[in-house]
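A structural walkthrough
Here's the letter readout for the chains.
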There are 2 protein chains.
Amino acid sequence: MEHPTRPRPAAPAARQASLREHNLALVARAVLDAAAPPSRAAVAQATGLTRPTVSTLVDRLLRARVLDELPPEQRRTAGRPAVPLVPAARTLVGMGLEVDVDFVGARVLDLAGNVVAERIDPGQLHDAPPQETLARLGEIARRLTDDVVRAGMTLAGAQLALPGLVDVHRRRLQVAPNLGWSSLDPVPLLGLPSSLDVGVANEANLAGLAQLRPADRSTTASSFLYVSGEVGIGAAVVLDRELYLGLHGWSGEIGHLPVDPNGPRCRCGATGCLEQYAGKDAILRAAGLAPSDPLAALRDLLDDGDAPALAAVGAAGRALGRALAATINLLDLDTVLLGGIYTDLAEDLRPAVRDELDARVLATPWSPTDLRAAPVADRAALTGAAQVVLRGVVDDPARFCEA
Amino acid sequence: MEHPTRPRPAAPAARQASLREHNLALVARAVLDAAAPPSRAAVAQATGLTRPTVSTLVDRLLRARVLDELPPEQRRTAGRPAVPLVPAARTLVGMGLEVDVDFVGARVLDLAGNVVAERIDPGQLHDAPPQETLARLGEIARRLTDDVVRAGMTLAGAQLALPGLVDVHRRRLQVAPNLGWSSLDPVPLLGLPSSLDVGVANEANLAGLAQLRPADRSTTASSFLYVSGEVGIGAAVVLDRELYLGLHGWSGEIGHLPVDPNGPRCRCGATGCLEQYAGKDAILRAAGLAPSDPLAALRDLLDDGDAPALAAVGAAGRALGRALAATINLLDLDTVLLGGIYTDLAEDLRPAVRDELDARVLATPWSPTDLRAAPVADRAALTGAAQVVLRGVVDDPARFCEA
DNA sequence: CGGCATAAGTTATTCCATACAACTAATGCG
DNA sequence: CGCATTAGTTGTATGGAATAACTTATGCCG
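No experiment lies behind these values; they were computed from the predicted model shown.

1. Structural notes on the confidence of the model for chain A
- Mean pLDDT for chain A: 93, with 96% of residues reaching 70 or above.
- Scored below 50 in pLDDT, residues 6–10 of chain A shows seven contacts in the model against residues more than four places distant or in partner chains.

Put into C-alpha cells, the structure is as follows:
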C-alpha cells in the first residue's frame with residue numbers, strides 16, 4: 001500500500017522490533033536528507049543514536065542496498081578518515097506513472113534521485129477510453145520494469161498520477177473531467193503483475209510533493225501550497241514535508257473556488273469558478289488563442305506586449321490571487337509555488353497575484369506570502385509519484401533487510 | 001509546552017526508554033478511548049501488548065494517578081472477575097482559560113471529563129485594555145488553581161483560548177479584532193506562577209477539538225470541519241482526531257472568504273467577506289436587531305415567521321454554504337459541525353447551506369456532506385482548552401510517573 | 001622517522017522493556 | 001468438590017541500544 005504520505009496513524013502496535021525499524025528508518029532518512037554525504041559518526045550526531053548502534057544499522061542498510069559507501073575522503077584534519085554514506089544508486093527504484101490530457105508516461109527513479117529510466121508518449125487523450133490508455137501505459141511500465149530488473153535493480157512499487165479526484169485508499173478514480181473518465185479502478189487496467197504494489201493519487205498532489213527535492217539539491221520550504229495550472233487547476237498542501245490529503249485524497253481542489261458569482265458558468269455547474277479565469281484554456285481564449293495552441297504562442301504575445309494577452313494574464317492573476325488568498329487564510333501557509341503553466345508565467349502573473357495576496361491575506365503583516373515559481377517543473381507529478389514509492393522504502397527499510 | 005496538537009515531529013530521537021513511554025501512552029489512551037471501562041486483559045487485546053506488559057504499565061499509571069480501578073465487576077460468565085480501569089477522577093487536571101468579547105472564564109477538567117471547577121465572569125470586553133482583562137482572568141485562574149490544589153489535585157497546565165490570530169509556537173496573539181487587541185504576549189499578563197505551563201491557541205480551533213469528546217460519550221466523526229459563528233467566524237479543521245494548525249496556528253480563518261466581490265466593505269479591507277453576511281452582528285442587523293441584542297431575540301423573530309429575520313438567516317446560510325463548499329473542496333472533509341451561534345440556528349440555516357453545498361462541493365456524488373449542529377456547545381473552547389492540557393498528559397504520562 | 005593527538009569505526013559488556021510460559025486467583029457449573 | 005474459564009502475576013529469555021574500552025587511520029610536531 002503506497003500512499004502519498006504514510007497510512008493513517010491507526011492503532012500503532014508497539015513491540016520491541018518496532019524500535020529497530022524506527023531507528024533503521026531514522027538512519028536512512030538522515031543519510032538521504034543530509035546536505036553532504038555523512039559519515040557514520042555524523043549520522044550518530046544527527047540522530048542522537050550512538051556510534052555503535054548507527055554502525056550496525058548502517059551495515060543492515062548497506063546489505064539491503066539502501067545505502068552505499070563512497071571511498072574514504074581525504075581530510076585536512078587529524079583522525080581516521082570518514083567513510084561517506086550516500087543513498088544507493090541503481091539498486092532499489094520506484095516508478096512513477098502518469099496519464100494526462102496530452103501524454104502518458106513512466107519514470108523510474110533511484111534512491112539517489114537519478115532518473116534511471118523514462119518513457120513519455122505524447123498524444124491527445126481527451127475522451128480516449130480508459131481501457132486503451134491505461135493498457136498503453138501498462139505496456140510502457142512493463143517495458144521499463146523489464147529494463148531495470150535486467151539491470152539488477154529492484155522495483156519497490158509504482159504510483160499512478162491522475163488529473164482528477166482520486167480515492168487514495170480505495171485506489172479508485174472518481175472523476176477526471178479533462179480525460180472524460182469517471183468511476184474507474186485504474187490499477188487492474190494497467191495489466192501489471194499483481195506482485196507490484198501500485199498506488200494512485202492526484203497529479204497536483206504528487207507534483208507538489210516533488211517540490212520537496214529539487215534536482216539541484218537546493219532546499220525548498222518544508223511547508224507550502226503548490227498550485228498546478230493546467231486545463232484544470234489543482235493544488236497540494238504540504239505542511240512539514242507531509243502532504244495534507246484530506247479524508248480521501250481529494251484535497252486541493254482549488255479550481256472551483258468561486259472568484260465572482262456573476263462570472264461565466266463553469267462546467268461544474270457553478271458560476272465564476274477560478275478555472276474560468278485562470279485555467280489554461282481560459283487564459284488562451286482570453287488572449288485570443290485557441291486551447292490547442294502551445295503555451296509558447298502566449299509567451300510570444302506577452303513578450304510583444306500584446307494587449308489582450310496581457311489583459312488575459314492580468315485577469316488570471318487577479319483571480320488566482322483571490323483564490324490563493326482564501327486558501328492561505330484557511331490553511332496558514334506562507335509559501336506559494338507556482339506550477340504547471342504558471343511556472344513559465346510566474347513573472348507575468350506575479351504583480352496581480354501579489355496585489356490580491358497583500359490585500360486579502362490576513363497574516364500579511366506578520367508573515368508575508370512568498371510567491372515563486374516551482375523549482376521542479378519537468379513533469380513534476382511523474383517525479384513525485386516515483387518519490388512516493390521511494391519514500392515508502394526509506395520509511396520502512398526493514399522490508400528490504402533479510403537478516 | 002502545551003500545543004493544541006503535539007509539537008512538530010521534528011527529529012525524533014529513538015532510545016530504548018522511548019518504547020516504554022510510547023506504550024505507556026498507548027495504554028493510557030486505550031483506557032480513555034474505550035467505550036466501557038476495560039480490564040487489563042481487554043487493554044492487552046486492544047493494544048496488541050501482552051498481559052504482563054500491560055499489567056506493569058497499568059501499575060505505573062495507577063501510581064501516577066492517571067488511571068483508577070473500579071471494584072471488580074459481577075460477571076455472569078465463568079472466570080476470575082475483571083478489574084475495570086477508568087481514567088482517574090479529580091487527580092490530574094487541566095485548566096482551560098478564555099477571553100471572549102462578552103466574558104472571561106476558566107474551567108478545570110479532570111481526566112474523566114468532569115468539570116472540577118469553573119468560573120465565568122461576563123462583561124463587555126471590546127476595547128478593554130488587555131493588561132486589565134488578562135489580570136482579571138489570571139486572578140480567576142489563581143483562585144481555581146488554589147481550590148483544586150487544596151483538594152489534592154495536580155494541575156498539569158493551562159491553555160488560553162483567544163478569538164484571533166494566535167501564534168501557538170511563540171504563544172503570541174497577533175491580532176484579535178473583536179477585542180481590539182494586537183501584538184501581545186498574553187501569558188505573562190496573566191500573572192500566573194511560571195511553573196505553570198500555559199499554552200495559547202485560537203478559540204475556534206479549541207472549540208473544534210472539544211467536539212471530539214461529547215459529554216454524553218457519544219461518538220462524533222473523527223474528521224470534520226467545525227465552524228464557529230460569533231461576531232467573527234472561525235473554523236477548525238480536524239482530521240483523524242488531529243487539529244490541522246498550519247504554520248503558526250492561524251488555520252481556519254474562514255470569516256474573510258470572499259462570498260461576493262460586489263458585496264459590502266469589510267473591516268479587513270476587502271469586500272463581500274463571509275463575515276459581512278453570516279457574522280453575528282451582520283445577521284442581527286439584517287434581521288432588524290441591534291448587535292447588542294441577545295440571540296434569543298432573533299430566535300423569537302424566527303419563530304414568529306418574521307420576514308426580515310428569515311431573509312437574514314437565509315442570506316447568511318447561502319453565504320455560509322458557499323464558503324463551506326470552497327473549504328470542503330480544498331480540504332476534503334465530509335462532516336461540518338455548526339458551532340457558536342450557528343448551533344442554535346442550525347435548523348434555520350440548514351436549507352440554504354445544504355443547497356449551496358450540494359451545488360458546489362465536487363465530491364457530493366461520492367461523499368455527501370454531513371451537516372449538523374455541534375454536539376458540544378457550552379463554551380466549547382474552554383472545554384477544548386482544558387482537554388488540550390489533558391491530552392498532553394495522556395500522550396506523555398511518563399512525565400507524571402516518578403518510578 | 002617515531003611518538004602523540006585526534007577522530008572513525010568496532011568489540012565486549014551491561015541494561016532494560018517486552019515476550020513467553022507457567023503460575024496463582026477467583027469465579028461459574030455440573 | 002473437581003473442573004473449566006478467565007484475570008492477573010511471577011520468573012525467565014530475548015534482543016535492541018547504551019556504555020566503555022578498544023582498534024584503525026590519519027595529521028602534526030619534534
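2. Quick word on the relation of the copies chain B and chain A
- Expressed as a screw transformation, the operator carrying chain B onto chain A has a rotation angle of 180° and an axial translation of 0.0 Å, and the superposed copies differ by an RMSD of 0.1 Å. Overall, the copies show the geometry of a two-fold rotation axis.

3. Considering the interface of chain B and chain A
- Tallying the contact residues gives 58 residues for chain B and 57 residues for chain A.
- Contact between chain B and chain A buries roughly 4800 Å² in total, counting both sides, with carbon and sulfur atoms accounting for 64%.
- The tally of links from chain B across to chain A stands at zero salt bridges.
- At the junction of chain B with chain A, the criterion picks out 16 residue pairs in polar contact (both at pLDDT 80 or more).
- Mapped by element, the contributors of at least two residues to the side of chain B that touches chain A are α1 (16–33), β8 (172–176), β12 (233–239), α10 (307–331) and α11 (341–360) of chain B.
- The element contributing the most residues to the side of chain B that touches chain A is α10 of chain B, with six residues.

4. A short note on the packing of aromatic side chains
- Applying the stated criterion across every chain, the model contains three aromatic pairs over all chains.
- Here the aromatic rings of tryptophan 250 of chain A and tryptophan 366 of chain B are separated by 6.4 Å at their centres, their planes lie at 70°, and the arrangement is edge-to-face. With one member in each of two chains, tryptophan 250 of chain A in the loop between β13 (242–244) and α7 (275–278) and tryptophan 366 of chain B in the loop between α11 and β15 (370–373) form a pair that bridges those chains.
- Under the relative-accessibility criterion, tryptophan 250 of chain A is labelled buried at 3%.
- The ring of phenylalanine 103 of chain A carries arginine 379 of chain A above its face, with NZ or CZ at 4.2 Å from the centroid.

5. Points about the pattern of salt bridges
All names here are of chain A.
- What the rule picks out here adds up to 50 salt bridges over all chains.
- Arginine 29 serves as the salt-bridge partner of aspartate 395, at 3.3 Å between the closest nitrogen and oxygen. Here aspartate 395, found in helix α12 (residues 380–395), pairs with arginine 29, found in helix α1 (residues 17–33); they are 366 residues apart in sequence, far enough to count as distant.
- Judged by its relative accessible area of 26%, arginine 29 falls in the partly exposed class.
- For aspartate 167, the salt bridge identified is with arginine 170, shortest N-O distance 3.9 Å.
- According to the relative accessible area criterion, aspartate 167 is buried, its value standing at 4%.
- When its relative accessible area of 64% is taken as the criterion, arginine 170 is described as exposed.

6. Things to note about the protein's contact with DNA strand D
- The environment of DNA strand D is formed by 28 residues, the closest being Thr53 of chain A together with Ser55, Gly79, Arg80 and Val83 of chain B.
- Within 4 Å of the protein, the contacting atoms of DNA strand D are 68% sugar and phosphate, with bases supplying the remainder.
- Between arginine 40 of chain B and DNA strand D, the recorded distance is 3.0 Å, taken from a backbone N or O atom to a phosphate oxygen.
- Within the residue set of the surface near DNA strand D, elements represented by two or more residues are α1 and α3 (51–63) of chain A together with α2 (40–47) and α3 (51–63) of chain B.
- Residue composition of the surface near DNA strand D, grouped by class: 10 nonpolar, 10 polar and eight charged.

7. What about the environment of leucine 301 of chain A?
All names here are of chain A.
- Position of leucine 301 among the secondary structure elements: in helix α9 (residues 295–303).
- Distance from leucine 301 to alanine 312, taken between C-alpha atoms, is 11 Å for residues 11 residues apart in sequence.
- In this structure, leucine 301 is in contact with Ala287, Leu289, Asp306 and Ala309, ignoring residues within four places of it in sequence.

Parameters at a glance
- Residues numbered from 1 in each chain as written.
- Chains lettered and ligands numbered in written order.
- Predicted model: local features only at pLDDT ≥ 70, side-chain atom pairs only at ≥ 80, totals over all residues.
- Heavy atoms only, no water.
- pLDDT = per-residue confidence, 0-100.
- Contact = heavy atoms within 4.5 Å.
- Least-squares fit on C-alpha atoms with pLDDT ≥ 70 in both.
- Buried area = accessible area lost by both parts, 1.4 Å probe.
- Salt bridge = Lys/Arg side-chain N within 4 Å of Asp/Glu carboxyl O.
- Polar contact = N/O pair within 3.5 Å; in protein donor to acceptor, adjacent residues only side chain to side chain.
- Helix = DSSP H or I, 4+ residues; strand = E, 2+ residues; numbered from the N terminus.
- Phe/Tyr/Trp six-rings, centres within 6.5 Å; stacked < 30°, edge-to-face > 60°.
- Buried < 20%, exposed > 50% of the residue type's maximum accessible area, 1.4 Å probe, protein only.
- Lys NZ or Arg CZ within 6 Å of the ring centre and 35° of its normal.
- Near = heavy atom within 4 Å.
- Nonpolar A, V, L, I, M, F, W, Y, C, P; charged D, E, K, R; others polar.

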